[in-house]
Amino acid sequence: MKKDSGSYPRVRVESGGSGIVSRAGGVLLTETARTVGLDRALSGALAPWHKPRAVHDPGKTVLDLAVTLAVGGDCLSDVAILREQPEVFGPVASDPTLSRLVTALAAAGPKAVTAIRAARAAARERAWNLAGRASPVVGERLTIDLDGVLVTAHSDKEGACPTWKKTFGFHPLWAFADHGPEGAGEPLAVLLRPGNAGSNTASDHIEVTRQALAQVPKRHRRGRNTLIRTDSAGGTHEFLAWLSRPGRWLSYSVGFTITDRIHAAILRVPKAAWTPAYDADGRPRDGAWVAEVTDMLDPSGWPKGMRVIVRKERPHPGAQLRITDVDGNRCVAFVTNTAGGQLADLELRHCRRARAEDRIRQAKATGPRNLPLHGFAQNRVWCELVSLACELVAWTQMLALTGDARRWEIKKLRFRLFSAAARPVRTGRRLVVRLPERWPWTGHILDGIARLATLAAPT
């Protein structure tokens, strides 16, 4: 009679092994930081917080926290996964040192946050220049997406309030640079707000857009080649007027609430004026049409050149129609100041704003799913660390990876690349990290390191 040993092979587990490090694939992140000069930029920006005779550099400590979040950590103490592997990640500060630094940065208020943002902006400009055609700037056009998200708080943290979804927590507003269909996206700014913050607060949209523009190269901070996209929460007089102000002249594509006047205008649109909408591949979409109703509305009070475009489509089975829907078709609207162009192309461009939902989902998986600190100022610093981690991953994909790996989500990157184990050895007075040949994605890591090595590091 054959004894059943189960579905998995029997193995003997014991301690005593040496010479192996885990998450050696995180070297992709550290090499990216070195290539774009992020390590030096943070060290210089946070020099005022470097206490005399202190062992650890605040810039290196902040970067360690960002790398920890990128490889899967979600609180300060998770930096231990780097601390126990000095061969790969160098000396890492203790938990009390980390806590004191975050407290000091939070106590400094806007000064510390501004310093971190300045380092991020300097590294971003270099990263985009090195990326060339792979950067978010496509044909001199840069697209910035705005979107809000609710973050649940499981304790009574400072600033946590009831939200409009009957939960309890925060309501941060994010701004992302869209990398297009061939890449991911990177956060430019995040505005931490109490849970009861309004969705359509114009001052918050203006502030997060201002912060986002300060993060991009100067040539993209104004002009029609920079497009701001958001949902109907941004469809306010104040925000659209701010975007269109002379001297700024930003392009926009903003969702718009269907009012009674717009609903009446939709009813007056001739059947021949409706043109087929496009699907995600740019082909005519069955059961969806677009039309422009600008000339049927009173433009007073709105920015000059604003166009109102509506889409109607047959709802999917089981969907509930709203009072603003027409003839059994679901209707949505958006406004833009882009002159010319086919309506279907403009509507497809606006629909691609939905990629911001994926960016937020990835950001929530990189630290802010539950803001871990108690003070509001501390969690604001934490949001900067999350942004730093997300853009470090985005720059790694942009500069080091190719093909489908540029679009991998954070979970896949962690399981396939960042979690790879290796054996560090010293040969010829150099440290070599040897990855296992049988690991299926070793080639991705090696090719990425080689690609980064061809990019000159800042002097």
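As the structure is a prediction and not an experimental result, all values here were calculated from the model. Starting afresh in each chain, residues are numbered from 1 along the sequence in its written order. Whole-chain, interface and lining totals are the exception, using all residues; otherwise, since this is a predicted model, local features are given only for residues with pLDDT of at least 70 and side-chain atom pairs are given and counted only at 80 or more. Side-chain measures here rest on the full set of heavy atoms in the structure, leaving out hydrogens and waters.

Caption draft 1: Examining the overall build of the chain more closely. The numbering of helices and of strands both runs from the N terminus, where a helix is a DSSP run of H or I of at least 4 residues and a strand a run of E of at least 2. Helix and strand counts for the chain stand at 15 helices and 14 strands. Its C-alpha atoms give the chain principal-axis dimensions of roughly 80 × 70 × 45 Å. Out of the 459 residues in the chain, the part that is buried amounts to 50%. Sequence-distant contacts, at least 24 apart, represent 67% of the contacts inside the chain between residues at least 6 apart. Only protein chains enter the accessibility calculation, which uses a 1.4 Å probe; a residue is then buried when its area is under 20% of its type maximum, exposed when over 50%, and partly exposed in between. Any two residues whose heavy atoms approach within 4.5 Å at even a single point are treated as in contact.

Caption draft 2: Just the nonpolar core, in detail. Throughout, nonpolar core names a set of buried Ala, Val, Leu, Ile, Met, Phe, Trp, Tyr and Cys residues whose side chains join them through atoms within 4.5 Å. Of all hydrophobic cores here, the largest spans 119 residues; its most connected members are L38, L105, W128 and I144. The element contributing the most residues to this core is helix 13 (residues 376–400), with 15 residues. Setting aside chain neighbours within four positions, we find L38 in contact with A33, L63, A119, A123, L388, L392 and W395. Counting residues in hydrophobic clusters, the runner-up holds seven residues, among them A277, A288, F334 and L343.

Caption draft 3: Spatial organisation of the packing of helix 7 (residues 110–131) against helix 8 (residues 202–215). Comment: axis = line fitted to C-alpha atoms, over the contacting stretch for helices; angle = value between 0 and 180 degrees taken between N-to-C directions. Between helix 7 and helix 8, whose axes approach to 8 Å, the crossing angle comes to 50°. Taken together, helix 7 and helix 8 sit at an angle that is classed as oblique. The segment helix 7 lies against helix 8, with R117, R120, A121 and R124 engaging Q211, A214 and Q215. Side-chain classes are defined by residue name, with Ala, Val, Leu, Ile, Met, Phe, Trp, Tyr, Cys and Pro counting as nonpolar, Asp, Glu, Lys and Arg as charged, and the others, Gly among them, as polar. Among the residues forming the contact of helix 7 with helix 8, the class breakdown is two nonpolar, two polar and three charged. Each angle receives one of four descriptions, namely roughly parallel if under 35 degrees, roughly antiparallel if over 145, roughly perpendicular if within 65 to 115, and oblique otherwise.

Caption draft 4: Representation of the packing of aromatic side chains in the model. Two rings from Phe, Tyr or Trp (for Trp, the six-membered ring) form a pair when their centres are within 6.5 Å of each other. A pair whose planes differ by under 30 degrees is stacked, one over 60 is edge-to-face, and the rest are tilted. Tallied over the full model, the rule gives four aromatic pairs. Ring geometry for F170 and F376: centres 6.3 Å apart, planes at 40°, overall tilted. Here F376 lies in helix 13 and F170 lies in strand 4 (residues 168–170), a separation of 206 residues in the sequence. Residue classification places F170 among the buried positions, given a relative accessible area of 1%. Centre to centre, the rings of W439 and W441 are 5.4 Å apart; their planes meet at 70°, and the pair counts as edge-to-face. The exposure class of W439 is partly exposed, given its relative accessible area of 29%. W441 gets classed as partly exposed once you look at its relative accessible area, which sits at 21%. The ring of W408 carries the charged tip of R416 above its face, separated from the ring centre by 5.0 Å. Whether a charge lies above a ring is judged from NZ of Lys or CZ of Arg, which has to be within 6 Å of the ring centre and within 35 degrees of the ring normal.

Caption draft 5: Structural view of the sheet that holds strand 12 (residues 330–336). Strands are treated as partners if at least two bridges between them are detected by DSSP. Read across the sheet, nine strands follow the order 6-5-1-7-8-12-11-10-9 without closing on themselves; strand pairing throughout is mixed. Two strands lie at the open edges of the sheet, namely strand 6 (185–191) and strand 9 (275–278), each paired on one side alone. Each strand of the sheet is rotated relative to its neighbour by a mean of 30°, with strand direction disregarded. Where strand 5 (residues 173–178) lies against strand 6, six bridges are found, and the strand directions are antiparallel. Its bridge partner lying in strand 6, W174 is registered against V190. Helix-sheet contacts for helix 7 involve strand 1 (142–148), strand 5 and strand 6, and the interaxial angle to strand 6 is about 160°.

Caption draft 6: Quick look at the sheet that holds strand 2 (residues 151–152). Spatially, 2-4-3 is the arrangement adopted by the three strands of the open sheet, whose pairing is antiparallel. What marks the edges here is a single partner per strand, and that holds for strand 2 and strand 3 (161–162). Two elements, strand 2 and strand 4, share two bridges in a ladder whose sense is antiparallel. Residue pairing in the sheet places T152 in a bridge with G169 of strand 4.

Caption draft 7: Empty space enclosed by the protein, seen in detail. Points on a 1 Å grid, built from protein atoms alone, make a cavity when a 1.4 Å probe fits but cannot get out and make a pocket when they are open with protein on both sides within 12 Å along at least 5 of 7 lines; residues with an atom within 4 Å of a point are the lining residues. Grid points are joined across faces, edges and corners, and a volume is the space filled by probe spheres set on the points. Summed over all chains, the structure comprises one cavity of 30 Å³ or more. Approximately 30 Å³ is the volume found for the largest cavity. Looking at the lining of the largest cavity residue by residue, the classes come out as seven nonpolar, no polar and one charged.

Caption draft 8: Summary view of helix 14 (residues 410–418). When helix 14 is considered as a whole, its buried residues turn out to be I410, L413, R414, L417 and F418. The buried residues of helix 14 occupy one face: seen down the axis, they fall within an arc of 110°. In helix 14, the exposed positions that point more than 90 degrees away from the buried face belong to K411 and F415. On its buried side, helix 14 packs onto helix 1 (27–36), helix 3 (58–71), helix 12 (355–364), helix 13 and helix 15 (442–453). It is the directions from the helix axis to the C-beta atoms whose arc is reported.

Caption draft 9: Structural detail: the environment of R352. Of note, R352 is situated in the loop between helix 11 (343–351) and helix 12. With 172 residues separating them in the primary sequence, R352 and G180 have C-alpha atoms 8.9 Å apart.

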